[in-house]
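As a plain string of letters, each chain reads:
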Amino acid sequence: MRRLFLIVGALLLGLIARAVTRPPAPTVVRAAALARPEKATERGAVVYAHYGCAQCHGADGKGGFANPNAETAGKVPGVLYVAEGYTAPELRRKILDGVHAVGKHDPKGATPPYRMPGWAGQMSNEEIDDLVQYLVGLYPKSAEEKWR
């Protein structure tokens, strides 16, 4: 019987020691939510960066990424002046569909290797709308004044 008390006592001491020395249970720590920009153009800039548009069209929208034998001077075109060539709904459609065929500078030359992918099903409608607003907003004020 004495042996049983010793075993039970040792177990109790072990449980108490474990409870005292055990680290506290982990707590859930949530990162503060990133502030969501209020303006569509600011949100569009985030979309532009997030989906890698800057890799080809440039961080500043001036383009310049090499696309050998492309009819656009062998480069991916910039998006600064996209508002001159497209209405917002047309630009939205271009983003959704992508550009599947890039014209050749030299008809006998190789097909340009880079084409813009379609983003339908990958970007949300809100992201596309914000991106369109951002792209239209890139149009330089100095160019607007020249048209007046």
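Quick note: structure is the one above.
Residues numbered from 1 in each chain as written. Predicted model: local features only at pLDDT ≥ 70, side-chain atom pairs only at ≥ 80, totals over all residues. Heavy atoms only, no water.

### A short note on helix α5 (residues 88-97)
Listed as buried for α5 are Leu91, Ile95 and Leu96. Projected onto a plane normal to the axis of α5, the buried residues spread over an arc of 140° and lie on a single side. Contacts from the buried residues of α5 go to α4 (82-85) and α6 (125-137). Following α5 by one or two positions, Gly98 adopts a phi angle in the positive range, close to 80°. (Buried < 20%, exposed > 50% of the residue type's maximum accessible area, 1.4 Å probe, protein only. Helix = DSSP H or I, 4+ residues; strand = E, 2+ residues; numbered from the N terminus. Arc of directions from axis to C-beta. Contact = heavy atoms within 4.5 Å.)

### Some points on the packing of aromatic side chains
Overall, the coordinates contain four aromatic pairs when judged by the stated rule. The interplanar angle of 55° and the centroid separation of 5.3 Å between the aromatic rings of Tyr48 and Tyr134 together place this pair among those described as tilted. Of this pair, Tyr48 sits in helix α2 (residues 40-50) while Tyr134 sits in helix α6; the two residues are 86 residues apart in sequence, bridging distant segments of the chain. Judged by relative accessible area, which is 3%, Tyr48 ranks as buried. Residue classification places Tyr134 among the buried positions, given a relative accessible area of 14%. Ring geometry for Tyr81 against Tyr139: centres 5.7 Å apart, planes inclined by 90°, an arrangement best described as edge-to-face. (Phe/Tyr/Trp six-rings, centres within 6.5 Å; stacked < 30°, edge-to-face > 60°.)

### Looking at the pattern of salt bridges
Opposite charge on two side chains permits pairing when their charged atoms draw close. For the structure on display, the rule yields three salt bridges. The partner of Arg92 in a salt bridge is Asp129, and the shortest N-O contact between them spans 3.0 Å. Note that Arg92 is positioned in helix α5 and Asp129 in helix α6, a separation of 37 residues in sequence. Linking Arg93 and Asp97 is a salt bridge whose minimum nitrogen-to-oxygen distance equals 2.9 Å. One end of the pair, Arg93, and the other, Asp97, are both in helix α5, four residues apart, so they sit about a helical turn from each other. A relative accessible area of 46% places Arg93 in the partly exposed class. (Salt bridge = Lys/Arg side-chain N within 4 Å of Asp/Glu carboxyl O.)

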